[in-house]
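Notes for the structure review
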Protein chains: 4
Amino acid sequence: MATYKSDTLKHKLYSIIFEAETPAGKAFDIMLLLLIIASVVVVSLESVVSLRRDYLPLFQMLEWIFTILFTIEYILRIYSSERPLRYVFSFFGIIDFLAIIPTYLSLFVLGSQYLLVIRVFRLLRIARVFRLTSFVNEGQVLSKALRASMTKITVFLGVVLMMVIVVGALMYVIEGRESGYTSIPKSIYWAIVTLTTVGFGDITPVTPLGQLLASCLMIMGYGIIAVPTGIVSVELANAERLNTTTRVCPNCYKEGHSLTANFCDNCGYELHREEAVGSNI
Amino acid sequence: MATYKSDTLKHKLYSIIFEAETPAGKAFDIMLLLLIIASVVVVSLESVVSLRRDYLPLFQMLEWIFTILFTIEYILRIYSSERPLRYVFSFFGIIDFLAIIPTYLSLFVLGSQYLLVIRVFRLLRIARVFRLTSFVNEGQVLSKALRASMTKITVFLGVVLMMVIVVGALMYVIEGRESGYTSIPKSIYWAIVTLTTVGFGDITPVTPLGQLLASCLMIMGYGIIAVPTGIVSVELANAERLNTTTRVCPNCYKEGHSLTANFCDNCGYELHREEAVGSNI
Amino acid sequence: MATYKSDTLKHKLYSIIFEAETPAGKAFDIMLLLLIIASVVVVSLESVVSLRRDYLPLFQMLEWIFTILFTIEYILRIYSSERPLRYVFSFFGIIDFLAIIPTYLSLFVLGSQYLLVIRVFRLLRIARVFRLTSFVNEGQVLSKALRASMTKITVFLGVVLMMVIVVGALMYVIEGRESGYTSIPKSIYWAIVTLTTVGFGDITPVTPLGQLLASCLMIMGYGIIAVPTGIVSVELANAERLNTTTRVCPNCYKEGHSLTANFCDNCGYELHREEAVGSNI
Amino acid sequence: MATYKSDTLKHKLYSIIFEAETPAGKAFDIMLLLLIIASVVVVSLESVVSLRRDYLPLFQMLEWIFTILFTIEYILRIYSSERPLRYVFSFFGIIDFLAIIPTYLSLFVLGSQYLLVIRVFRLLRIARVFRLTSFVNEGQVLSKALRASMTKITVFLGVVLMMVIVVGALMYVIEGRESGYTSIPKSIYWAIVTLTTVGFGDITPVTPLGQLLASCLMIMGYGIIAVPTGIVSVELANAERLNTTTRVCPNCYKEGHSLTANFCDNCGYELHREEAVGSNI
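As the structure is a computational prediction, the values presented were derived from the model and not from experiment.

**As for the relation of the copies chain A and chain B**
- When chain A is fitted onto chain B, the two copies agree to an RMSD of 0.1 Å after a turn of 90° and an axial shift of 0.0 Å. Those values place the two copies in the arrangement expected of a four-fold rotation axis.
- The overlap is low: 15% of the interface residues of chain A also sit at the interface in chain B, so different surfaces are used on the two sides.

This is the structure we're talking about:
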């Protein structure tokens, strides 16, 4: 109740910068969205030789304008936060910091300005602008399924890593330096290229024995891609089922409310969202 | 009741051109099917240098014949429609228009006649000829599942796009112009080629650090292909389940009739197919 | 009851050649298995230049020996069949015929002996030797699931085919002859190579617009591979469920007998296999 | 009860080397983990030409130190085992043996020391160190699903193998030696590269007919990857369901306890874990 004037300003700033409920907050987020996209496009175009030759001063000026704007925004975000340190070390706080630092670094380290494309990750927070609740909800289902699959996928990747190390070493011994397998690390790189079915073709086996081993590796890679897919399918089916069926209206007992529902769509009774969400995720 | 003569003609034309119930309508559709295939084959063959040299006049004549026939058909379709504007701006109306315009354009713009292959999409409407109801039905199940997956897949593709932009910029900084990573857009193209496990090999990393980052990207691409697959599997299972279980016989209340069933397989009561299909899709 | 002598001989031959229940039938099948593998290995080795130079007479002699043995077997199969014509035009009858004809053709057409590798398909019938009922059963589940998926996969492949034709033509217009897209058919071949994520790299886009279109095609190919996978997963789950749960013993009502079971494993009552199988497949 | 002194020593050694319950056993396993990783890194780095030139004596010394330590460990493992022969011929016993023998072999056979990377498989036993029960449990679910899929996947791979042999021979006949299809074995290698969607591009079809056949093979490979994926998904869903539902509390009969639960989460009755696990896996 007893808020200071600066606190009111802070609160107003907070609602503009961090939220998108008010018209001002929404306008701010849309402007930010456009700035981020423009800035990533500028960085990308700057790297094209022909454009760089002709428009370098323009690109550099734009880059500094974007960086200064983002720096001001960053400072305002810290200022308006209730707990500034918590913001600074949050996921988005770190992204926001990394999104401005390369321009300053480019004064000392040549080429570091290209790292500015990390700004693209700032778009993640913009989902909120369009009130994309269904997108956010689907994202939650996806990330819940991925989290649930994490242990199984780690076990899977561990075994895959051991396999490519051993096959890489075998190919190094079989094919030798002449065929491009110049060292075990490079052969492991080749084994990864092959097992993942990417197949650049920069290094390829030429001896019959090497081609036989490569064939085995390819068939293995073709077969075991089924494993992560199966894992994610099963976990996604689980996450979906939980997401759509476990919320029950305590008034009329209608089942299957979505995680984002605030009221029962049958009788209009208000649903206690936090509890329901908490029990699911 | 009080229909003019021209209206009767319109109606007759409509049933021939748009439907395939009458013998005349069926014959029309089969002829159209053959014309479309022939026209796409002619366009494709015209692009082969050796054939072009020898048969160019023949190809051009055929192209004009096909185009004039399709133009007449297009005009008749507009004429016989109840609501011509609605047809013109429908999906098939636009396809029909795009399928004739390149030939006229080729008088002014060289090479635009090759865009005639868009005619191949006109085949989509021909399914009807063979009364391929089961095909149409399966297609509906598929597209329902895909529509239901759309939000999740958009979220997924958004994250993938951010990833390839950042990895592309990193590779540009790491590998530099010598290895073929001549600009950030081109590096992003490489990152897409790699993440999707296509792996042309026109650009490949040569520095150890670049190969390490490429390995991470490949393993990531190999792992996350599981995500869209899992999404579609789950949605398809849902669509299938709905497809086979929501039709209820209004007489004996037995559930789970297939979409193509005309009678209840329990009591023989005639099922109202259109309604049932309509309520599902 | 009143069987002629030759009929008894025919019957004996039939049980040796077509069945694997008797010791003689089993020995025959194992010998046949070894002959088929040996014959495919000989054909493959003959094609290796260095081996061909040194051992051509040996290879040719072995080839003729194998062919004559298989020809005798083919004639005996026809002779011992109850309905010879039905055998001749059955799947295995055609394979058996194609497995001997190339050697005779090689007298007139050079190189046709390499088609002898079609013999490898004869191995399909050998599963029976090892009484691999579980393999045969799993094979039935798989092929049932694939048959059930066929309509959906045909719809899917039809749409894919239209897509590669249109993208192929677009790339031909965009990239032109200089980049290797020398004709629309070749561009369609490239589009298939890209969409299926094979990515040979023999033809690659070089213009920025071409690389953009290729990127879209790759992401599409990466995403839509989910469709056949989802289809097969769902059908396989259906086939599995039917396979293990719908057969009920009419005596003790125990559920879940496998499709190949002849007796109830609970009470020993004989199950009517044909009916049960018929109702499932 | 009447254990000799050496038996006590054996038992103590056993608990240190084979188990990770005591502090000494844990310390031993962590040290072993670090040694294995260090040894694989040294072998890999030795193969890099520039490093090999400068540090060969260092690498060779480290290699001998690791080998001697692992040899001592191997002898102690045999000594402390209750049934030494059973250990020697167990999976890990063979890996442990193969992990030391290449260094001794390298005295006679040049280059065999690179096979030392097989040591990486020794990491499999280290999971125990971190009491990674959830990892081990997930690994068991995965391997149970893979074992259950084995018959179906064998049938699938058998058919795939027949297909690549026939397509390989056809491509050899169609394309001939000029395009790189120098022999049937090499063409089979190409068919595997193509069917698995790896697509190195070291050999590619150049004739229209060859490109048509390659297109069919690619579309087939793109489609049938759905089969192993579908198989594993279904089996994994089965394994998951069994994993979470077949454990029943013998006191209150509540179902669905996880494999790692020690007490019933309904009535608190202690669950006999080994039996339950044993009955599931």
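This is not the end of the story, as more comes after the structure.
**Examining the pattern of salt bridges**
Residues and elements named next belong to chain D.
- Evaluation of the coordinates by the stated rule reveals 12 salt bridges over all chains.
- Arginine 52 serves as the salt-bridge partner of glutamate 46, at 3.2 Å between the closest nitrogen and oxygen.
- Owing to a relative accessible area of 1%, glutamate 46 belongs among the buried residues under this scheme.
- As a salt-bridge pair, glutamate 73 and arginine 77 come within 2.6 Å of each other at their nearest N and O atoms. Here glutamate 73 pairs with arginine 77, and both are found in helix H3 (residues 49–80), just four residues apart, close to one helical turn.

**Thoughts on the nonpolar core**
- Membership of the largest hydrophobic core comes to 234 residues, with the highest contact counts inside it found for A:Trp190, B:Trp190, C:Trp190 and D:Trp190.
- Top element by residues in this core is helix H7 (residues 133–175) of chain C. It accounts for 16 residues.
- The contacts of B:Trp190, once residues within four sequence positions are left out, are A:Phe200, B:Met171, B:Tyr181, B:Ile203, B:Thr204, B:Pro205, B:Ala214 and B:Leu217.

**A few points about the interface of chain A and chain B**
- In this complex, chain A contributes 47 residues to the contact, which on the side of chain B involves 43 residues.
- Taken together, the two surfaces of chain A and chain B that pack against each other cover about 3700 Å², and 78% of this comes from carbon and sulfur.
- Considering only the surface of chain A that becomes buried against chain B, A:Leu142, A:Tyr189 and A:Phe200 emerge as the three largest contributors, covering 17% of it.
- Counting every contact that joins chain A to chain B gives zero salt bridges.
- Across the chain A-chain B interface, the total number found is four residue pairs in polar contact (both at pLDDT 80 or more).
- Counting residues per element, the side of chain A that touches chain B draws most heavily on helix H7 (residues 133–175) of chain A, which supplies 10 residues.
- Among the residues making up the side of chain A that touches chain B, the classes are represented as 31 nonpolar, 11 polar and five charged.

**Describing the packing of helix H8 (residues 184–195) of chain B against helix H9 (residues 208–224) of chain C**
- Running from N to C, H8(B) and H9(C) cross one another at 25°; their axes reach a closest spacing of 9 Å. Taken together, the axis directions place H8(B) and H9(C) in an arrangement best described as roughly parallel. Here H8(B) and H9(C) pass one another in a crossing that is left-handed. Residue-level contacts link B:Lys186, B:Tyr189, B:Ile192, B:Val193 and B:Leu195 of H8(B) to C:Gln211, C:Ala214, C:Ser215, C:Met218, C:Ile219 and C:Tyr222 of H9(C).
- Per-class residue counts for the contact of H8(B) with H9(C) are eight nonpolar, two polar and one charged.

**Digging into the confidence of the model for chain A**
Residue and element names in this part refer to chain A.
- Mean pLDDT over chain A: 78, with 77% of residues reaching 70 or higher.
- The secondary structure element of chain A with the lowest average pLDDT is helix H11 (residues 273–280), at 37, and the one with the highest is helix H8 (residues 184–195), at 93.
- Confidence over residues 273–281 falls short of pLDDT 50; this stretch has 15 contacts with residues more than four positions distant or in other chains.

**Some details on the UniProt feature "transmembrane region" (unreviewed entry) in chain A**
Residues and elements named next belong to chain A.
- As recorded in UniProt, the feature "transmembrane region" (unreviewed entry) lies at residues 30–49, 55–76, 88–110, 153–175, 187–206 and 212–237.
- Across residues 153–175, the secondary structure splits into 100% helix and 0% strand, with the terminal C-alpha atoms separated by 31 Å.
- Spanning residues 212–237, this segment combines 96% helix with 0% strand, and its end C-alpha atoms are found 39 Å apart.

**A closer look at the packing of helix H2 (residues 23–46) of chain B against helix H3 (residues 49–80) of chain B**
Residues and elements named next belong to chain B.
- Contact geometry for H2 and H3: axes closest at 9 Å, N-to-C directions at 145°. Judged by the twist between their axes, the crossing of H2 over H3 is left-handed. In this structure, H2 contributes Phe28, Leu32, Leu35, Ile36, Ala38, Ser39, Val42, Val43, Leu45 and Glu46 to the contact, and H3 contributes Leu51, Arg52, Leu56, Phe59, Leu62, Glu63, Phe66, Leu69, Phe70, Glu73 and Arg77.
- When grouped by side-chain class, the residues that make up the contact of H2 with H3 number 15 nonpolar, one polar and five charged.

**Side note on the environment of C:Ala20**
All names here are of chain C.
- Mapped onto the secondary structure, alanine 20 falls in the loop between helix H1 (5–17) and helix H2 (23–46).
- For alanine 20, a relative accessible area of 3% gives the class buried.
- Along the sequence, alanine 20 and isoleucine 30 sit 10 residues apart, while their C-alpha atoms lie 9.5 Å from each other.

Cut-off values and rules
- Residues numbered from 1 in each chain as written.
- Chains lettered and ligands numbered in written order.
- Predicted model: local features only at pLDDT ≥ 70, side-chain atom pairs only at ≥ 80, totals over all residues.
- Heavy atoms only, no water.
- Least-squares fit on C-alpha atoms with pLDDT ≥ 70 in both.
- Contact = heavy atoms within 4.5 Å.
- Salt bridge = Lys/Arg side-chain N within 4 Å of Asp/Glu carboxyl O.
- Buried < 20%, exposed > 50% of the residue type's maximum accessible area, 1.4 Å probe, protein only.
- Helix = DSSP H or I, 4+ residues; strand = E, 2+ residues; numbered from the N terminus.
- Core = buried A, V, L, I, M, F, W, Y, C linked by side-chain atoms within 4.5 Å.
- Buried area = accessible area lost by both parts, 1.4 Å probe.
- Polar contact = N/O pair within 3.5 Å; in protein donor to acceptor, adjacent residues only side chain to side chain.
- Nonpolar A, V, L, I, M, F, W, Y, C, P; charged D, E, K, R; others polar.
- Axes fitted to C-alpha atoms, helices over the stretch in contact; angles between N-to-C directions.
- Parallel < 35°, antiparallel > 145°, perpendicular 65-115°, else oblique.
- Left-handed = near helix turned anticlockwise from the far one by under 90°.
- pLDDT = per-residue confidence, 0-100.
- UniProt positions renumbered as here; feature names shortened; annotations may be inferred.

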